[in-house]
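# Overview (structure and organization)
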Amino acid sequence: MRTYDPDQPLIFTHIPKCAGSSFVRLLNRWFPKTYCKLNQDETQDILLPKIPTKDDEGRWLPEVRCIHGHFNHGRGYGLPYYYPEITQYITVFRDPFDIVVSMYFFFKAKCLAGRFLYRGKPVDIRDHYATVEHYVRDYPYWLFHHLPQEINAKNYREKLAQRFVYIGVFEEMDRSIESLAMILGKPPRTLPRVNVSNYDEPVPTHLRKRFYDDYPLLLQIYDFALEQHRAMR
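To start, this report covers the structure provided alongside it. (Residues numbered from 1 in each chain as written. Predicted model: local features only at pLDDT ≥ 70, side-chain atom pairs only at ≥ 80, totals over all residues. Heavy atoms only, no water.)

## Quick word on the packing of helix H4 (residues 156–163) against helix H7 (residues 216–230)
For clarity, the cut-off: Between N-to-C directions, angles span 0 to 180 degrees; the directions come from axes that are lines fitted to C-alpha atoms, helices contributing only their stretch in contact. Counting from the N terminus, the helices are DSSP H or I runs at least four residues long and the strands are E runs at least two residues long. Each angle is binned into one of four classes, with values under 35 degrees roughly parallel, values over 145 roughly antiparallel, values of 65 to 115 roughly perpendicular, and all other values oblique. Each crossing is labelled by how the near helix is turned from the far one, with a counterclockwise turn of less than a right angle marking it left-handed and a clockwise turn marking it right-handed. In what follows, residue pairs with any heavy atoms lying within 4.5 Å of each other are defined as contacts. We call Asp, Glu, Lys and Arg charged. Ala, Val, Leu, Ile, Met, Phe, Trp, Tyr, Cys and Pro are nonpolar, and the rest, Gly among them, are polar.
Here H4 crosses H7 at 50 degrees, and the two axes come no closer than 11 Å. By the angle between their axes, H4 is oblique relative to H7. Considering the relative orientation of H4 and H7, their crossing is right-handed. Contacts between H4 and H7 pair Tyr156, Arg157, Leu160 and Ala161 from the former with Leu217, Gln220, Ile221, Phe224, Glu227 and Gln228 from the latter. Among the residues forming the contact of H4 with H7, the class breakdown is 6 nonpolar, 2 polar and 2 charged.

## Here's the deal with unusual backbone geometry
Keep this limit in mind: Exposure categories follow from relative accessible area, calculated using a 1.4 Å probe and restricted to protein chains: below 20% of the type maximum is buried, above 50% is exposed, and the middle band is partly exposed.
The linkage connecting Leu79 with the following residue, Pro80, adopts the cis geometry, with an omega of 5 degrees. With respect to the helices, strands and loops of the structure, Pro80 is situated in the loop between strand S3 (66–69) and strand S4 (89–93). At Lys17, a position not held by glycine, the phi torsion is positive, near 65 degrees. For Lys17, a relative accessible area of 10% gives the class buried.

## Examining the sheet that holds strand S1 (residues 10–13)
Keep this limit in mind: When DSSP finds at least two bridges between two strands, those strands are taken to pair.
Pairing is parallel in the open sheet, where 5 strands are placed in the order S2-S3-S1-S4-S7. One side of each edge strand has no neighbouring strand; the edge strands of this open sheet are strand S2 (35–37) and strand S7 (164–169). Shown here is a sheet whose adjacent strand axes are inclined to one another by a mean of 20 degrees, direction ignored. In this structure, S1 lies alongside S3, joined through 4 bridges in parallel fashion. Looking across to S3, one finds that Leu10 is bridged to Cys66. The strands touched by H4 within the sheet are S4 and S7, with S7 carrying the most contacts at an inclination of about 105 degrees. Where H7 meets the sheet, its contacts fall on S4 and S7, and the angle it forms with S7 comes to roughly 100 degrees.

## So, the environment of Tyr89
You can see Tyr89 is positioned in strand S4. When the C-alpha atoms of Tyr89 and Phe12 are compared, they prove to be 5.8 Å apart, with 77 residues separating the residues in sequence.

## Some points on empty space enclosed by the protein
Quick reminder of the rule: Two kinds of site are reported from a 1 Å grid over the protein atoms alone, namely cavities, where a 1.4 Å probe fits but cannot get out, and pockets, open sets with protein on both sides within 12 Å along at least five of seven lines, and residues are called lining when an atom falls within 4 Å of a point. Grid points are joined across faces, edges and corners, and a volume is the space filled by probe spheres set on the points.
Enumeration over the complete set of coordinates arrives at 3 cavities of 30 Å³ or more. One number sums up the size of the largest cavity: a volume of about 50 Å³. In terms of lining, the largest cavity is formed by Ile15, Thr91, Phe93, Leu147, Pro148, Leu160, Phe164, Ile167 and Ile221. Taken together, the elements giving at least two residues each to the lining of the largest cavity come down to S4 and S7. Taken together, the residues that form the lining of the largest cavity break down as 8 nonpolar, 1 polar and no charged.

## As for the packing of aromatic side chains
Put simply, the test is: Aromatic pairing here means that ring centres of Phe, Tyr or Trp (its six-membered ring) are within 6.5 Å. Orientation follows from the plane angle: under 30 degrees is stacked, over 60 is edge-to-face, and everything else is tilted. In this analysis the charged atom, NZ for Lys or CZ for Arg, is taken to sit over a ring once it is within 6 Å of the ring centre and within 35 degrees of the ring normal.
Enumeration according to the criterion identifies 16 aromatic pairs in this entry. Between the aromatic rings of Phe71 and Tyr83, the centroid separation amounts to 6.3 Å while the plane-to-plane angle is 85 degrees, which identifies the pairing as edge-to-face. With Phe71 in the loop between S3 and S4 and Tyr83 in the loop between S3 and S4, this residue pair connects regions lying 12 residues apart in the sequence. Judged by its relative accessible area of 1%, Phe71 falls in the buried class. Sitting over the ring of Tyr82, Lys50 keeps its end group 5.2 Å from the ring centre.

## Brief notes about the pairing of S4
Across the 5 residues of S4, 5 count as buried, placing the element largely inside the fold. Residue alternation in S4 divides its side chains into two sets, Tyr89, Thr91 and Phe93 and Ile90 and Val92, and both sets are buried. When S1 meets S4, the two strands line up parallel, connected through 2 bridges. Bridging from a neighbouring strand, Phe12 pairs with Ile90 of S4. Pairing between S4 and S7: 5 bridges, direction parallel. From the neighbouring strand, Ile90 faces S7, where its bridge partner is Tyr166.

Structure, rendered in structure tokens:
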């Protein structure tokens, strides 16, 4: 994996349903005056903002050391092209099947409460996906939008190792935070759980195998993250 350079900014690419909301608190403590969280606003169709990282003479701005955002190719602000000058990333990844399932229930809860808007317009996911099975079978490709653009089945190990200082693992979060703290030279902290999805319908067990039969690259990326994470023990 890439060696962390504290004199250059770092991107935390926030993959949905991978504890990113909890990481806000952690990164605020680790980078108290140099942490920049970028927020898009789906209720008003406001895209992810972009902040400068260098001054007029090409020097890194000292007040920008960690940038956090939902970088998304589907909306036109993915990595690496949105911040091509920044070459070191961190993230947390999770079993991709569980990511997609959790996202379905997150969307569903928002729709049931009448609070889900996409690009400024109200959307009800149930109009398109009646059950979790329909969603998982038909709409997992959004997850690729949150990964670096150039990754494919042939180069994913090389590309991830070139860009990422560390990829934490959701299922081993405490150990992931310890490892990331060591890499960044920060004090380890306990991460609270927030924004947890509530599963209100059964998830068929056969869906997992079918999902990975259809999307093997997602499993390969997750296995790579596990491999690198466990090698630090």
